[in-house]
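Given next are the chains, with one letter for each unit.
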Amino acid sequence: MKQTLKLGLPKGSLQDATIQLFARAGFNIYASPRSYFPSIDDPEIECMLIRAQEMARYVADGVLDAGLTGLDWVAEHEASNGGSSGVTALADLIYAKQSFGKVRWVLAVPENSRYQSPTDLEGATIATELVRATQAYFARLGVAVKVEFSWGATEVKPPVLADAIVEVTETGSSLRANRLRIIDTVLESNTQLIANPRSLTDAWKATKLDNIALLLRAAIEAQGRVGIMLNVRRAQLDAVLALLPALQRPTIAPLSDSDWVAVNTIIEERTVRDLIPRLKAASAQGIVEYPLNKIVI
């Protein structure tokens, strides 16, 4: 009997970034705007689009074997489930809607408000989509507040509809545009690959998920990096190596002409435009820059 892995993909702001990540990992996914069941070029995987906010619940309940969602929504599920998330985190995948970095849920107040720290908000009303995690945050601080669920446009609610908000941000630009000031970080979040613990007791599913996690991590590791190949005379090798920041150490291989060697290494893409002229000046020849899809550490 053919085995299938049921995998949840986040619908919404993370959807496109997730599909692009899977493409770099070697999985081609096509999501029709009219369907919640994207196609994937791996016959052993069945995909379903689920809101990131609900992913942990469906994975915990066994409706899905695994899924991708934010650590924030795992924390929210955990806070509403008696402190147990019911899922196993397999991989931290540091990417977001706009960047390859973490996002923050921050506590923000109007620029001209009297609130300077979370403890100043005793008795205040806080609007957020992350209700349970926010309640847990203030409970840890011993500050009594009223936390209200926000259906959206949370930034416009202070000071008329709420005293403060807890909202997710990557850059803080939206908060600044709405004249809000950050006074604390409630939690940091990044995307995680999570799995149902019972699914992991199935050897085939556990291996399949380990392989997916490996490839996704490798794709993220390669983000923003490129490979550089070049030839250089042995007499100038030390001068060239001194210019090369490497992931580990450059690979050096002899050429047919014993006076020459080939050098291969991985560098940050943002450094290439400055590095290549310096390599050329150090007598490197045949310099080739090439893209990377995956780096397996």
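Everything below is about the structure shown above.
Student: When you look at the overall build of the chain in this model, what are you seeing that I'm missing?
Tutor: A count of helices and strands for the chain gives eight helices and 16 strands. Scaling as 2.2 N^0.38, a compact globule of 297 residues should have a C-alpha radius of gyration of about 19 Å, whereas the chain reaches 24 Å, well beyond that. Expressed as lengths along the three principal axes of its C-alpha atoms, the size of the chain is roughly 75 × 60 × 35 Å. Burial status across the chain gives 44% buried among its 297 residues. Here the contacts in the chain between residues at least 6 apart in sequence split such that 70% fall between residues at least 24 apart. One finds the centroid of the 31 positive side-chain charges in the chain at a distance of 2 Å from the centroid of its 33 negative side-chain charges.

Student: Just to check I follow, could you spell out the pairing of strand β7 (residues 103-110) for this structure?
Tutor: Residues in a regular strand point their side chains to alternate faces of the sheet. Most of β7 is tucked away, with seven of its eight residues classed as buried. By the bridge criterion, five bridges tie β7 to strand β10 (residues 164-169) in an arrangement that is antiparallel. Looking across to β10, one finds that Leu107 is bridged to Val166.

Student: Is there a simple way to explain the packing of aromatic side chains in this structure?
Tutor: Both the distance between ring centres and the angle between the ring planes are used here to describe each pair of aromatic rings. Per the stated rule, a full pass over the model turns up four aromatic pairs. Taking the centre distance of 5.9 Å and the plane angle of 65° together, the rings of Phe22 and Phe27 count as edge-to-face. Of the two residues, Phe22 and Phe27, neither departs from the other in class, the shared state being buried. Ring geometry for Trp73 versus Trp105: centroids 5.7 Å apart, planes at 85°, classification edge-to-face.

Student: Sorry if this is basic, but what is going on with the packing of helix α1 (residues 15-25) against helix α6 (residues 203-222) here?
Tutor: Any two packed helices are characterised by the angle at which their axes cross and by the distance between the axes. Taken N-terminus to C-terminus, the directions of α1 and α6 make an angle of 100°; their axes are 8 Å apart at the nearest point. By the angle between their axes, α1 is roughly perpendicular relative to α6. Listed contacts from α6 to Leu21, Phe22, Arg24 and Ala25 of α1 are Ile212, Leu215, Leu216, Ala219 and Ile220. Of the residues belonging to the contact of α1 with α6, the class tally is eight nonpolar, no polar and one charged.

Student: Can you help me understand α1 in this one?
Tutor: Note: α-helices contain 3.6 residues per turn, so residues at a spacing of three or four share the same orientation. Of the residues making up α1, those classed as buried are Gln15, Ala17, Thr18, Ile19, Leu21, Phe22 and Ala25. For α1, the secondary structure elements touched by its buried residues are β1 (5-11), β2 (29-30), β4 (45-51), β5 (66-70) and α6. Following α1 by one or two positions, Gly26 adopts a phi angle in the positive range, close to 105°.

Student: I keep staring at the nonpolar core and nothing clicks. Help me out?
Tutor: Most often, soluble globular proteins have nonpolar side chains that are buried together. The biggest cluster of nonpolar side chains holds 28 residues, and the ones touching the most others in it are Phe22, Leu68 and Leu193. At the level of secondary structure, the elements contributing two or more residues to this core comprise β1, α1, β4, β5, β6 (88-93), β12 (191-195) and α6. With residues up to four places along the chain from it excluded, the contact list for Phe22 reads Leu7, Leu9, Phe27, Ile29, Leu68, Ile212 and Leu216. Among the nonpolar cores identified, the runner-up in size contains 21 residues, and Tyr115, Val131, Ala164 and Leu187 belong to it.

Student: How should I be thinking about the sheet that holds strand β8 (residues 125-128) in this particular structure?
Tutor: Backbone-to-backbone hydrogen bonds pair the strands of a sheet. The strands run either parallel or antiparallel. Strand order in the open sheet made by the five strands is β9-β8-β10-β7-β11, with mixed pairing throughout. On the outer flanks of this sheet lie β9 (146-149) and β11 (180-189), each paired with one strand and no other. The sheet shows a mean angle of 25° between the axes of neighbouring strands, direction not considered. Pairing analysis gives three bridges linking β8 to β10, with the strands arranged parallel. By the bridge assignment for β10, Ala127 is matched with Ile165. Contacts from helix α4 (residues 131-141) reach β7, β8, β9, β10 and β11 within the one sheet, and its direction differs from that of β9 by about 170°.

Student: I'm lost on the pattern of salt bridges in this one. Help?
Tutor: Side chains that differ in charge, positive against negative, can pair when their charged atoms come close. In the structure shown here, the tally under the stated rule is eight salt bridges. With its nearest N and O atoms 2.8 Å apart, the salt bridge here joins Lys208 to Glu44. Residue Lys208 is found in helix α6, and its partner Glu44 is found in the loop between β3 (39-40) and β4; the two are separated by 164 residues along the sequence. On the basis of relative accessible area, Lys208 is assigned to the buried category, the value being 13%. Given the relative accessible area of 29%, Glu44 is considered partly exposed. We note a salt bridge from Arg57 to Glu54, for which the minimum N-O separation is 3.4 Å. With Arg57 and Glu54 both in helix α2 (residues 52-60) and three residues apart, this pair spans about one turn of that helix. A relative accessible area of 36% means that Arg57 is categorised as partly exposed.

Conventions we followed
- Residues numbered from 1 in each chain as written.
- Predicted model: local features only at pLDDT ≥ 70, side-chain atom pairs only at ≥ 80, totals over all residues.
- Heavy atoms only, no water.
- Helix = DSSP H or I, 4+ residues; strand = E, 2+ residues; numbered from the N terminus.
- Rg over C-alpha atoms; globule rule 2.2 N^0.38 Å.
- Buried < 20%, exposed > 50% of the residue type's maximum accessible area, 1.4 Å probe, protein only.
- Contact = heavy atoms within 4.5 Å.
- Lys, Arg positive; Asp, Glu negative; His and termini not counted.
- Charge placed at Lys NZ, Arg CZ, Asp CG, Glu CD.
- Pairing = 2+ DSSP bridges.
- Phe/Tyr/Trp six-rings, centres within 6.5 Å; stacked < 30°, edge-to-face > 60°.
- Axes fitted to C-alpha atoms, helices over the stretch in contact; angles between N-to-C directions.
- Parallel < 35°, antiparallel > 145°, perpendicular 65-115°, else oblique.
- Nonpolar A, V, L, I, M, F, W, Y, C, P; charged D, E, K, R; others polar.
- Core = buried A, V, L, I, M, F, W, Y, C linked by side-chain atoms within 4.5 Å.
- Salt bridge = Lys/Arg side-chain N within 4 Å of Asp/Glu carboxyl O.

Purely geometric numbers; function is a separate question.
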